[in-house]
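Residue strings, one per chain:
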Amino acid sequence: MIAQLDYQSLQQLWWLLCSVVGSLFLFLTFVQGGQTLLRQVTTNEIEKSLVINSLGRKWELTFTTLVLFGGALFASFPKFYATSFGGAYWVWISILFTFILQAVSYEYRKKPRNLLGAGIYELFLFLNGSLGILLIGTAVGTFYTGSNFRLSGYNLVTWTHSLRGLEAAFSLFNVSLGLFLVFNARTLGAMYLVNNLDFNDTPGLESRLRSACGRSFFCSLPFLLFILGNLLLMKGYGIIDDQGTIGLVTRKYLGNLLANPWLAAMLVGGLLLLVIGVFKTTGTDSTAGIWFGGPGTVLLSLTLLLLPAYNKTAFYPSRADLQSSLTIYNASSSPYTLKVMTYVAIFIPFVLAYIAFVWWSMDRKKITVEEIADHSY
Amino acid sequence: MIENLDPGLVNWSRAQFALTALYHWIFVPLTLGITWIIAFYHSIYVRTGSMEWKRLTKFWMKLFGINFAIGVATGIIMEFEFGTNWSNYSWMVGDIFGAPLAIEGIIAFFLEATFFAVMFFGWNRVSKGFHLFSTWMVALGSNMSAVWILVANAWMMHPVGQEFNPDTARFEMRNFLDVAFSPVAVSKFTHTTSSSMVLAAMFIISISSYYLLKGRHGKMARRSIVVASVFGLLASGLSAFTGDEAAFEVARNQPMKLAAIEGLYEGETNAGLVAMGLINPKKKVGDEQQPFSFEIRIPYLLSLLATRNVGTFVPGIKDLVYGNPEHGIPGAAWKMERGKEAVAALAAYKQAKKAGNEEEAARTRATFEKNREYLGYGFLAQPEDAVPPVAISFNAFHVMVILGSIFPLVFLAYLFFGIRGGLEQKTWLLLPGTTMFFLALAAHWAGWIVAEVGRQPWAIQDLLPVTVARSNLTSSTVQTTFYMFLALFTILLIAEVSIMLKQIKIGPEEK
């Protein structure tokens, strides 16, 4: 079956796969969201340790998903990888910095003689959860608002803005997307912690987490509505002829939604699931909010990543030179490589299956104060 | 193709990548090796049910965790730096190089990341069997991630299974199996993992020796030593064997690197191997200076190792730069001419295609095809640019080999006294034993320097020099991030060492 896939189908398939990985990453940013809630929802060291230990058992999964997102983009859309990373240098370096800080903070925070003290490692975790996610959102926003680069005849990139990617933060749309992701991560973080912790010894923590979930969701709403409103109204970068010429198209993304009703359905479904997750966490005693909020985030993110790429759209538009814009058709790997990668992608369901099994095995019992005394972060 | 080449930018980009790789390479080999030993300890605990073995397993696991975190932190930078600092490279070879990285993510990283949490926190959460299985999966996952990154690295040294596509101006994959099972990849992986096992065994021996000297945790230390020395001894043998294979592949595919690591300026028939020597760092190819102040050579051995035949000619740096018609070796100068023809033909081809002149396009493409294998040489300014830093390569190689030859003797001594008893009294062995980890680390670093400095000036052997591979940044930008990384990694390294030393001082949990 894979052998029969034509080049265009492979390109679309690989954008879908990259988007799925990216969407799963955004779901898993509940870890980052939880990190930013740490000071807000805990009142003592025991509660803090409980929260850190719960998040600390998942941080690597989020981190690995981000690494895979990068690797998959490199393999399937190398022109995007080269253009964006090599061009928007400061954005990516800043994001990476916050992830380096995260990677050591769980392990080092409570260890004796950790040089910087627990407070600094907690600050690192906060920076990763706030600045890191804000910048990722801002970078994703450029899929819609465009970036400042030119490609040479040999497809080598020259960035035309001296801030090298940080200028994306001057766009209200990009920043709104970043802030939505930050608050959504906090919403998910609270949902996850409600689901994962045993509150018998820390009853106050549960109610603080439940209200933090509601507050974060309400903070995220204006940004989400601003983004959705803009998406329906804004001009977009589309392929306007058979030669692959890129041009500005009025209400391009609205057009994409209408042309692909399944995208609109995913968007509505995602929002609905997110709202159900928030309601279950804030309005009932249920601990299952994350199983609605998580998939809701995946559907919502998937829509946001597919919308600027499918239906003859440039997913990485250039504001400096429209014809340098990247589409999934001019930025992908060769058909041979995409085919090889598709065979490898057969492993993905197995990977997801064992992750789900391990998650279930480890989280059947909720994390208790007693348990973290044995081995803890 | 490449305008405004800034040598400062290239060197800062090199420096930043070297810095991150060097830091990464402090932690990763230990992770690769120690996971197997921990899995072994864990298996003994599950089999015997002995709480001693459980304590021992948990102790080494704790040290592994501290080391693992910073390895992950430096690893993410490595992956993304291909894009941020080597974006031309990322575009030109992403079609081939990206695939192993993605496969690494799908197959290996998730295995490691998922089971890592079970390994550390599963003691009372999952069954003993599943817990042990998870520990083995962490070992397998971390080593499988090494497979794919080394496949990618090996491809850079020996770019098989690819073809340059003038239309897209990039190298494209033509045969995945050639890339994945290239003999260079096989020898690289086996040599890296076996020497990582040596390093991990030395880590355990060094810390256990400290405990024996201090008269603490004697039983745990002895048990750890016996298992680690058996493991280390076997790994040393494997490392020597695979190292020989790796050198053989270097001789076949990167003759300039071989000449550099041996300090061989003039090619020789029946070439001898320099067992030890003081190389002249000021010597340049073509000048009259002596390459060595002194050297001890083992006759015939270099020819034997390089070609499996004592009587063959091994080309020296001079032969490879200026050519040697007698032995049919083309020089870099000749290759540069061909390379420049390839570069010019590519530019003409692109222009003809743009103008819609198919006849001219066909003609220029034919010229390009004729010269394509020398494409990279077209970007060199002079033939001498094809020579890597000889003194660094030579010294690193010899440090690696000399240290690697000492390690089996150390393992043997530890195993002998560990089994016979009385190890606690062998201060003459235990005292130097505490430093063995650092020597093993030095050997690892030296190995990395051999691989990466010895292959300069190439990002992709013969096809893409490092100067072309870089991103279009300003050197001050990269200089700034270099110092940012230097400061951050140094702070984190100090924190890691400090935490590790404290944990070693605390030792395993009491009964």
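Residues numbered from 1 in each chain as written. Chains lettered and ligands numbered in written order. Predicted model: local features only at pLDDT ≥ 70, side-chain atom pairs only at ≥ 80, totals over all residues.

## Structural notes on the overall build of chain A
No. 1: Counting its secondary structure elements, chain A contains 15 helices and 6 strands.
No. 2: Computed over its C-alpha atoms, the radius of gyration of chain A comes to 21 Å, within 12% of the 21 Å expected for a compact globule of 377 residues.
No. 3: When its C-alpha atoms are laid out on the principal axes, chain A stretches across 65 × 45 × 40 Å.
No. 4: When contacts within chain A are restricted to residue pairs at least 6 apart in sequence, long-range pairs at least 24 apart make up 78% of them. (Helix = DSSP H or I, 4+ residues; strand = E, 2+ residues; numbered from the N terminus. Rg over C-alpha atoms; globule rule 2.2 N^0.38 Å. Contact = placed C-beta atoms within 7 Å.)

## Comments concerning the overall build of chain B
No. 1: Summing up its helical and strand segments, chain B has 17 helices and 8 strands in all.
No. 2: Relative to a compact globule of 511 residues, whose C-alpha radius of gyration would be 24 Å, chain B shows 25 Å and is just as compact.
No. 3: The buried share of chain B, reckoned over its 511 residues, is 55%.
No. 4: Within chain B, residue pairs in contact and separated by at least 24 positions form 78% of the contacts whose partners lie at least 6 positions apart. (Buried ≥ 20, exposed ≤ 12 C-beta atoms within 10 Å, placed from the backbone.)

## Structural notes on the confidence of the model for chain A
No. 1: Per-residue confidence for chain A gives a mean pLDDT of 95; residues scoring 70 or more make up 99%.
No. 2: Between the elements of chain A, mean pLDDT differs from a low of 85, seen in helix H15 (residues 369–372) of chain A, to a high of 98, seen in helix H8 (residues 172–196) of chain A. (pLDDT = per-residue confidence, 0-100.)

## Description of helix H15 (residues 436–453) of chain B
No. 1: For H15 of chain B, which comprises 18 residues, the first-to-last C-alpha distance of 25 Å matches the rise-based estimate of 26 Å (1.5 Å per residue) to within 8%.
No. 2: Judged by how many residues are buried, H15 of chain B sits mostly within the fold: 13 of 18 residues are covered. (Expected span 1.5 Å × (residues − 1).)

## Side note on the interface of chain A and chain B
No. 1: If you look at the interface, chain A gives 57 residues, while chain B gives 60 residues.
No. 2: Elements with a minimum of two residues in the side of chain A that touches chain B: helix H4 (59–76), helix H5 (78–87), helix H6 (89–108), strand E2 (157–159), helix H13 (335–344) and helix H14 (347–363) of chain A.
No. 3: Within the side of chain A that touches chain B, the residues separate by chemical class into 37 nonpolar, 13 polar and 7 charged. (Nonpolar A, V, L, I, M, F, W, Y, C, P; charged D, E, K, R; others polar.)

## A short note on the nonpolar core
No. 1: Core analysis: the biggest nonpolar cluster contains 296 residues, and Leu-96 of chain A together with Ile-37, Ala-201 and Ile-317 of chain B have the highest contact counts within it.
No. 2: For this core, the leading source of residues is helix H3 (residues 87–121) of chain B, giving 23 residues.
No. 3: The residues touching Ile-317 of chain B, leaving out its near neighbours within four places in the chain, are Met-256, Ala-259, Ala-260, Leu-264, Tyr-265, Val-285, Val-387 and Val-390 of chain B. (Core = buried A, V, L, I, M, F, W, Y, C linked by C-beta atoms within 7 Å.)

## Here's the deal with the packing of helix H1 (residues 7–48) of chain B against helix H2 (residues 51–84) of chain B
Residue and element names in this part refer to chain B.
No. 1: Where H1 meets H2, the closest approach of the two axes is 7 Å, and the angle between their N-to-C directions is 150°. Classified by the angle between their axes, H1 and H2 sit roughly antiparallel to one another. Between H1 and H2 the crossing geometry is left-handed.
No. 2: The residue inventory of the contact of H1 with H2, partitioned by class, reads 20 nonpolar, 11 polar and 2 charged. (Axes fitted to C-alpha atoms, helices over the stretch in contact; angles between N-to-C directions. Parallel < 35°, antiparallel > 145°, perpendicular 65-115°, else oblique. Left-handed = near helix turned anticlockwise from the far one by under 90°.)

## Points about helix H10 (residues 252–259) of chain A
All names here are of chain A.
No. 1: Of all the positions in H10, only Lys-252, Tyr-253, Asn-256 and Leu-257 are classed as buried. For H10, the buried positions fall inside an angular range of 140° around the axis, keeping them on one side. Exposed and oriented more than 90 degrees from the buried face of H10 are Leu-258 and Ala-259.
No. 2: Turning to H10, the residues buried within the fold contact helix H9 (203–233), strand E3 (236–239), strand E4 (246–249) and helix H11 (261–283). (Arc of directions from axis to C-beta.)

## Looking at the environment of Ser-229 of chain B
No. 1: Structurally, the position occupied by Ser-229 of chain B is in helix H7 (residues 218–253).
No. 2: Linking Ser-229 of chain B and Gly-83 of chain B, residues 146 residues apart in sequence, is a C-alpha distance of 41 Å.

## What about the environment of Ala-345 of chain B?
All names here are of chain B.
No. 1: By secondary structure assignment, the location of Ala-345 is in helix H11 (residues 332–355).
No. 2: Taking the C-alpha atoms as reference points, Ala-345 and Leu-493, 148 residues apart in sequence, are found 49 Å from one another.
No. 3: Ignoring any residue separated from it by four or fewer positions in sequence, one finds Ala-345 in contact with Thr-364, Thr-367, Phe-368 and Asn-371.

## Some remarks on unusual backbone geometry
Residue and element names in this part refer to chain B.
No. 1: Between Gln-456 and the following residue, Pro-457, the backbone shows a cis peptide bond with an omega angle of 10°.
No. 2: As for its placement among the helices and strands, Pro-457 is situated in the loop between H15 and strand E7 (458–460).
No. 3: Its identity as a non-glycine residue notwithstanding, Asp-462 has a phi of 70°, on the positive side.
No. 4: Examined against the element boundaries, Asp-462 turns out to sit in the loop between E7 and strand E8 (464–465).

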